[in-house]
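Here are the chains, one letter per residue:
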Amino acid sequence: MKKFEYFDVTADIGFYAFGNNLNEAFENAGLAMFNIISNTDNIGQDKLLTFEITSEDEVSLLYDYLEELLFYHEIEFALFSDFDVKINKTGENYNLTATIKGEDIDWDKHERNCEIKAITFHQMVVKKSDIVCLKAIVDL
Amino acid sequence: MTIKDEIKKIRDNVYEIPGSYNRRMRASGKLYIDDESFDALEEGAVEQIVNVACLPGVFRYSIGLPDIHFGYGFPIGGVAAFNTRNGIVSPGGVGFDINCGVRLIKSNLRIEDIEEHLDELVDSLFKNIPSGVGSKGKVRLSEEDINDVLDYGAEWAVENGYGWSEDLEVLEENGRIKAADSSKVSDKAKKRGIPQLGSLGSGNHFLEIQVVDEIYNEKVAEVYGLEKGMIVIMIHSGSRGCGHQVCSDYLRLMDKAYKNYKIDIADRQLACAPLDSKEAQNYLKAMYAAANYAWANRQMMTHWIRETFENVLGKSARDMDMQIVYDVAHNIAKEETHDFKGRDMELLVHRKGATRAFGPGREEVPLKYREVGQPVLIPGTMGTASYVLHGTDVAMEETFGSTAHGAGRVLSRSQAKKDYNPDEIVSNMENNGIKIKATSKNVIAEEAPGAYKDVDSVVRVSDSTGIAKLVAKVKPLAVTKG
């Protein structure tokens with residue numbers, strides 16, 4: 001199974017992320033996102049961060065999760081390449097805990113691709129069948 | 001039958017989408033576009049004009065400008081005004097990059113004054129003004145400072161030594177919307193804003209040294225202080241991560257609000273709230289604060305541009321007469337009074353990828369330009385010309401005083417990378433006498449001029465329909481890109 005793939009959007013870029021379960025698909029969405037900004041193969045893993053979010057449905061959870069990744073990328077001035085996600089349903093809501101690993105940006109070492117401005121809700125989908133498929137478009 | 005078959009041509013380059021197209025429409029749609037662009041226009045963008053025309057309190061028209069293209073929720077290159085009495089505000093009608101805008105700085109320099117120094121100027125500008133993904137500004141702000149930036153905008157910048165006090169007179173809103181309130185901006189947005197203040201950004205944002213190539217209207221050009229052969233500098237930049245986060249925060253909030261207020265919307269990204277609601281008022285105050293951040297940002301860059309010219313050319317910026325011509329916001333919503341059949345209407349005008357083009361006599365236009373209407377700055381793409389136009393009475397009557405904002409993207413980034421070789425682009429530009437400096441080769445291919453709609457046709461339609469009239473064409477000599 002592919003971890004993720006990109007599709008073209010005129011002004012921006014979209015991706016599908018796949019997984020055998022919701023956790024794995026979210027982890028691969030993190031990879032898809034940071035491969036837009038840089039090349040995750042060349043990102044070390046000495047920096048570790050943990051965050052937790054709660055959202056009202058799975059699509060909102062995906063949006064909030066990607067937003068959170070973008071937030072830590074910008075304020076920590078870091079790139080991430082390893083994502084460990086645990087999602088639990090608590091009552092009406094979805095709770096996500098993520099532990100992400102990466103390293104501080106060094107543009108002499110890291111590939112410099114695109115800046116992501118924001119995550120959009122446009123065509124955002126969480127589809128669960130034999131596998132889980134996520135779809136998202138980010139604003140560049 | 002498609003939606004485009006329903007559109008009626010009213011006059012040359014102006015079309016109407018009748019309000020009868022869809023039962024939910026509360027206003028008609030209007031399009032300012034030439035025949036060629038009309039044929040190429042995506043139906044999705046037309047649907048978006050219609051969707052906006054269905055929102056509560058929408059006044060008269062939902063408008064598509066000459067550079068209209070598909071956006072998220074609202075189209076890009078669109079204007080919609082809402083009655084403040086019963087209308088709404090939507091973060092999707094402003095966009096992620098709040099107060100993305102353009103600033104033009106003039107000088108008394110000619111090509112021969114900078115020719116020999118052009119390489120050094122570009123290299124120094126590139127060094128002195130941080131750009132590109134993952135770039136930090138050169139200033140370290142405290143948490144207190146960021147509140148002042150958000151509340152006072154360009155005024156904060158000038159008070160802190162970035163630029164001249166007279167700069168403020170020639171910025172839209174004088175570089176500060178007073179109704180801004182930093183307490184409505186989330187800590188997340190502030191945290192993203194702190195390290196990035198004083199940076200250009202990436203993508204289609206740029207900093208260019210240009211020369212005035214052609215004057216179309218001598219009288220207005222003289223009022224704006226522009227003449228053929230003059231060296232000018234253009235900045236295209238916005239509110240960075242701070243503004244993006246404000247938009248995201250309030251999109252999420254409005255996503256709940258529109259359901260609570262039982263507003264019927266066609267697309268989640270049209271999420272909105274009634275103007276008299278707490279959600280709407282908080283968004284407006286936060287959005288204005290992000291707009292102020294963008295004005296402070298462009299003001300700081302102006303200061304570093306002047307400093308760079310001073311260092312390289314060995315003259316003071318005052319001696320080089322490096323005054324700001326004007327500064328426009330092209331992603332914003334503002335409370336404005338517009339005349340309708342002799343009555344003053346209080347409206348909230350959303351401009352998403354649209355430039356204000358206020359005509360002669362409006363008090364919002366700086367005194368020295370008031371007789372001829374405000375300067376309208378329309379940036380081109382990497383290596384192509386940009387334009388100065390002036391606001392008109394026609395714009396006041398037809399488009400809530402608005403026109404286009406630039407050249408919309410027509411090719412995706414990956415297609416542009418397939419179609420264009422960055423080395424070839426650089427050598428083509430160099431053959432045309434344009435120097436370029438970018439953070440990566442990728443950005444050069446992605447931003448290839450051919451990946452964008454032709455800006456010449458965008459300004460031609462604006463001029464021919466009268467919603468902003470041509471004043472001058474400027475062409476790049478040197479470009480720096482994120």
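Predicted, not measured: the structure shown is a model, and the values here were computed from it.

Caption draft 1: Molecular detail of the overall build of chain A. Looking only at helices and strands, chain A features two helices and seven strands. In terms of overall size, chain A behaves like a compact globule, its C-alpha atoms giving a radius of gyration of 14 Å where 140 residues would be expected to give roughly 14 Å. For chain A, with 140 residues in total, the buried portion stands at 45%. For chain A, long-range pairs separated by at least 24 residues make up 66% of all intrachain contacts whose partners lie at least 6 apart in sequence.

Caption draft 2: Here's a closer look at the overall build of chain B. When its secondary structure is counted, chain B shows 15 helices and 19 strands. In terms of overall dimensions, chain B has a C-alpha envelope of 65 × 50 × 50 Å along the principal axes. Per-residue burial for chain B yields a buried fraction of 61% across its 482 residues.

Caption draft 3: Representation of the interface of chain A and chain B in the model. Contacts between chain A and chain B engage 25 residues on the former and 31 residues on the latter. Breaking the side of chain A that touches chain B down by element, the ones donating at least two residues are α2 (58-76) and β6 (118-128) of chain A. Here the residues of the side of chain A that touches chain B are counted per class, giving 14 nonpolar, four polar and seven charged.

Caption draft 4: Quick peek at the pairing of strand β8 (residues 206-215) of chain B. All names here are of chain B. Burial analysis of β8 places seven of its 10 residues in the buried class, which makes it a mostly covered element. One ladder, built from six bridges, connects β8 with strand β9 (residues 231-237); its direction is antiparallel. Each bridged residue has a counterpart across the sheet, and for Phe-206 the counterpart in β9 is His-236. Judged from the nine bridges that link them, β8 and strand β19 (residues 469-481) form a sheet pairing that is antiparallel. Its bridge partner being in β19, Gln-210 is matched across the sheet by Pro-476.

Caption draft 5: The sheet that holds strand β2 (residues 13-19) of chain A, seen in detail. Residue and element names in this part refer to chain A. With respect to topology, four strands assemble into an open sheet ordered β1-β2-β7-β6, the strand pairing being antiparallel. One side of each edge strand has no neighbouring strand; the edge strands of this open sheet are β1 (4-8) and β6. Each strand of the sheet is rotated relative to its neighbour by a mean of 20°, with strand direction disregarded. Where β2 meets strand β7 (residues 132-139), seven bridges bridge the pair, whose relative direction is antiparallel. Of the residues in β7, the one forming a bridge with Phe-15 is Ala-136. Strand contacts of helix α1 (residues 22-37): β1, β2 and β7, with the helix running at about 150° to β2, the strand carrying the most contacts.

Caption draft 6: Just the sheet that holds strand β4 (residues 78-90) of chain A, in detail. Residues and elements named next belong to chain A. The three strands are arranged β3-β5-β4 in an open sheet whose pairing can be described as antiparallel. The strands lining the two open edges of the sheet, one partner per strand, are β3 (47-55) and β4. Across the sheet, the mean angle separating the axes of adjacent strands is 15° when strand polarity is ignored. The sheet contact formed by β4 and strand β5 (residues 93-104) spans 12 bridges and is antiparallel. Its bridge partner being in β5, Leu-79 is matched across the sheet by Glu-103.

Caption draft 7: Main features of α2(A). Residues and elements named next belong to chain A. Over its 19 residues, α2 extends 26 Å from the first C-alpha to the last, a length consistent with the 27 Å expected when each residue adds 1.5 Å. Among the residues making up α2, those that are buried are Glu-58, Ser-60, Leu-61, Leu-62, Tyr-63, Tyr-65, Leu-66, Glu-68, Leu-69, Leu-70, His-73 and Glu-74. Following α2 by one or two positions, Phe-77 adopts a phi angle in the positive range, close to 55°.

Caption draft 8: Looking closely at unusual backbone geometry. Residue and element names in this part refer to chain B. In the Ramachandran plot, Glu-173 falls in the positive-phi region, its phi being about 60° despite a non-glycine side chain. Note on placement: Glu-173 falls in the loop between α6 (154-159) and α7 (187-196). For Glu-173, a count of 22 C-beta atoms within 10 Å corresponds to the buried category. Non-glycine residue Lys-341 carries a positive phi angle of around 50°. Locating Lys-341 in the fold gives a position in the loop between β12 (331-340) and β13 (343-352).

Caption draft 9: Structural view of the packing of helix α9 (residues 240-260) of chain B against helix α10 (residues 278-313) of chain B. Residue and element names in this part refer to chain B. Their axes nearest at 9 Å, the elements α9 and α10 cross at an angle of 170°. When the axis of α9 is compared with that of α10, the two are roughly antiparallel. Of the residues in α10, those in contact with Arg-240, Cys-242, Gly-243, Val-246, Tyr-250, Leu-253, Met-254 and Ala-257 of α9 are Glu-279, Tyr-283, Ala-286, Met-287, Ala-290, Tyr-293, Ala-294 and Asn-297. Its residues placed into classes, the contact of α9 with α10 shows 12 nonpolar, two polar and two charged.

Caption draft 10: Summary view of the environment of Val388(B). Residues and elements named next belong to chain B. Tracing the chain through its elements places Val-388 in strand β16 (residues 386-390). On the neighbour-count criterion, Val-388 (28 C-beta atoms within 10 Å) is buried. With 77 residues separating them along the chain, Val-388 and Asn-311 place their C-alpha atoms 28 Å apart.

Caption draft 11: Main features of the environment of Ala290(B). Residues and elements named next belong to chain B. By the secondary structure assignment, Ala-290 is in helix α10. Judged by C-beta crowding, with 31 C-beta atoms within 10 Å, Ala-290 ranks as buried. Each C-alpha atom of the pair Ala-290 and Cys-247 lies 9.2 Å from the other, and the pair is 43 residues apart in sequence. Filtering out sequence-adjacent residues up to four positions away, Ala-290 remains in contact with Ile-98, Asn-99, Ser-239, Cys-242, Gly-243 and Val-246.

Caption draft 12: Focus on the packing of helix α5 (residues 143-152) of chain B against α10(B). Residue and element names in this part refer to chain B. The geometry of α5 relative to α10 is characterised by a closest axis approach of 6 Å and an angle of 100° between their N-to-C directions. Of the possible angle classes, the one that applies to α5 and α10 is roughly perpendicular. Between α5 and α10, the contacting residues are Val-149, Leu-150, Asp-151 and Tyr-152 on the first element and Ala-289, Asn-292, Tyr-293 and Ala-296 on the second. A breakdown of the residues in the contact of α5 with α10 according to their chemical character gives six nonpolar, one polar and one charged.

Caption draft 13: Local environment of the environment of Val461(B). Residue and element names in this part refer to chain B. The topology assignment puts Val-461 in helix α15 (residues 455-465). Put simply, Val-461 and Leu-31 are 430 residues apart on the chain and 11 Å apart in space, counted from C-alpha to C-alpha. Excluding its chain neighbours within four sequence positions, the residues that come into contact with Val-461 are Asn-13, Tyr-32, Ile-33, Asp-34 and Pro-66.

Quick notes on the rules
Per chain, the residues get numbers from 1 upward, laid out in the order the sequence is written. As they are written, the chains are lettered A onward and the ligands numbered 1 onward, keeping that order. Thresholds applied to this predicted model are a pLDDT of at least 70 for local features of residues and 80 or more for the giving and counting of side-chain atom pairs; totals over whole chains, interfaces and linings are not thresholded and use all residues. Each helix corresponds to a stretch of at least 4 residues labelled H or I by DSSP, and each strand to a stretch of at least 2 residues labelled E; elements are numbered beginning at the N terminus. Put simply, the radius of gyration uses C-alpha atoms, and a globule should come to 2.2 Å times the residue count raised to 0.38. With C-beta atoms placed from the backbone, the exposure class of a residue follows from how many other C-beta atoms lie within 10 Å of its own: 20 or more, buried; 12 or fewer, exposed; in between, partly exposed. By definition, residues are in contact whenever their C-beta atoms, placed on the basis of the backbone, come within 7 Å of each other. In this classification, Asp, Glu, Lys and Arg are treated as charged, Ala, Val, Leu, Ile, Met, Phe, Trp, Tyr, Cys and Pro as nonpolar, and every other residue, Gly included, as polar. When DSSP locates at least two bridges between a pair of strands, those strands are taken to pair. Lines are fitted to the C-alpha atoms to define the axes, a helix being fitted only along its stretch in contact, and any angle between axes, read from their N-to-C directions, falls within 0 to 180 degrees. Expected helix span is computed as 1.5 Å times (number of residues minus one). Angles below 35 degrees are treated as roughly parallel, those above 145 as roughly antiparallel, those between 65 and 115 as roughly perpendicular, and all remaining angles as oblique.

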